[in-house]
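# Remarks on the overall topology
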Amino acid sequence: MSKKTDLRIIRTKKSIKKAFLDLLKEKNYNKITIQDIAEEAMINRNTFYLHYLDKDDLLDQLSNECLNKLKESMNASSNINTIDELGYDDFYEINKKVFKAIEEDFDFYKVIMGDDSIPYLSIKFTNVIKNHMSEGLDKSAKLKTGEKNVDNSEIYVEYMAAGLIGVIRFWINNRHKYSIEEVSKIVINMYSKDILELLKNC
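Residues numbered from 1 in each chain as written. Predicted model: local features only at pLDDT ≥ 70, side-chain atom pairs only at ≥ 80, totals over all residues. Heavy atoms only, no water.

### A short note on helix α5 (residues 88-104)
The terminal C-alpha atoms of α5, which comprises 17 residues, lie 25 Å apart, in line with the 24 Å expected from a rise of 1.5 Å per residue. Buried residues of α5: F91, Y92, I94, N95, K96, V98, F99, A101 and I102, and no others. (Helix = DSSP H or I, 4+ residues; strand = E, 2+ residues; numbered from the N terminus. Expected span 1.5 Å × (residues − 1). Buried < 20%, exposed > 50% of the residue type's maximum accessible area, 1.4 Å probe, protein only.)

Shown next, in the form of structure tokens:
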């Protein structure tokens, strides 16, 4: 496949995704048809089916792409091996990366935070954050020494995830009020060093 063809496919899929997200801002997911998407993207139906099986496949590919980028943004720098080594500045940088990832796919997150017709997307988003926090705790040195309280850690993860998701939802609806740097500092200051210690010692 030539580079020219590759670029054409990339542009077409990008146009389809944008059209789909634009439609989701206006219509319930269940009411959107392939014809709607094709017309919005200015392509024919056959072109759509060259890239996607149906609108569910489009939604799955789009959500996986965005959420995989979000997961990547939550990774600490390569020289940090466990949560025990993370400090205030490290958590701040991770928060900035998370909000930057959300900003890059802003329309997608705006949709999943507001469209009740596709609730499983919100669940997928929540699970990405909760699973990442759980994995971070599992890497704690406390686990290796048998000191980790599993029941407590589950509660801490629920608490931390709910707080972060709430702030993300607020920021999406009030992005003009707070820069990424500002909201990242607010989040990390709310958690404070006491909460960071709580995470490390659960």
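### Examining the pattern of salt bridges
According to the stated counting rule, one finds 9 salt bridges in the structure shown. D22 is the salt-bridge partner of K25, the closest N and O atoms lying 3.6 Å from each other. Of this pair, K25 and D22 are both found in helix α1 (residues 3-26), 3 residues apart, which corresponds to roughly one turn of the helix. For K25, a relative accessible area of 45% translates into the label partly exposed. For E93, the salt bridge is made with K96, and the minimal N-O distance between the two is 3.7 Å. A residue pair is termed a helical-turn pair when its members lie 3 or 4 positions apart in one helix, as E93 and K96 do in helix α5 at 3 residues. According to the relative accessible area criterion, K96 is buried, its value standing at 14%. Here the salt bridges share partners, and the residues they tie into one network are K18, D22, K25 and D107. (Salt bridge = Lys/Arg side-chain N within 4 Å of Asp/Glu carboxyl O.)

### Re the confidence of the model for the protein chain
Model confidence for the protein chain is summarised by a mean pLDDT of 83, while 79% of its residues fall at 70 or above. Taking the mean pLDDT of every element in the protein chain, the minimum, 46, falls on helix α8 (residues 141-144) and the maximum, 97, on helix α2 (residues 34-41). (pLDDT = per-residue confidence, 0-100.)

### A few points about the nonpolar core
Of all hydrophobic cores here, the largest spans 50 residues; its most connected members are I37, L70, F108, Y109, F125, I129 and I168. If one sorts the elements of this core by residue count, helix α9 (residues 150-173) sits on top with 9 residues. Excluding residues that lie within four positions of it along the chain, I37 makes contacts with I16, A19, F20, L23, I32, F48, K55 and L58. (Core = buried A, V, L, I, M, F, W, Y, C linked by side-chain atoms within 4.5 Å. Contact = heavy atoms within 4.5 Å.)

### A word on the packing of aromatic side chains
Scanning all chains against the criterion turns up 7 aromatic pairs. Ring geometry for F20 against Y29: centres 6.2 Å apart, planes inclined by 70°, an arrangement best described as edge-to-face. Residue classification places Y29 among the buried residues on the basis of a relative accessible area of 5%. By way of ring pairs, the aromatic residues F48, Y49 and Y52 are connected into one cluster. (Phe/Tyr/Trp six-rings, centres within 6.5 Å; stacked < 30°, edge-to-face > 60°.)

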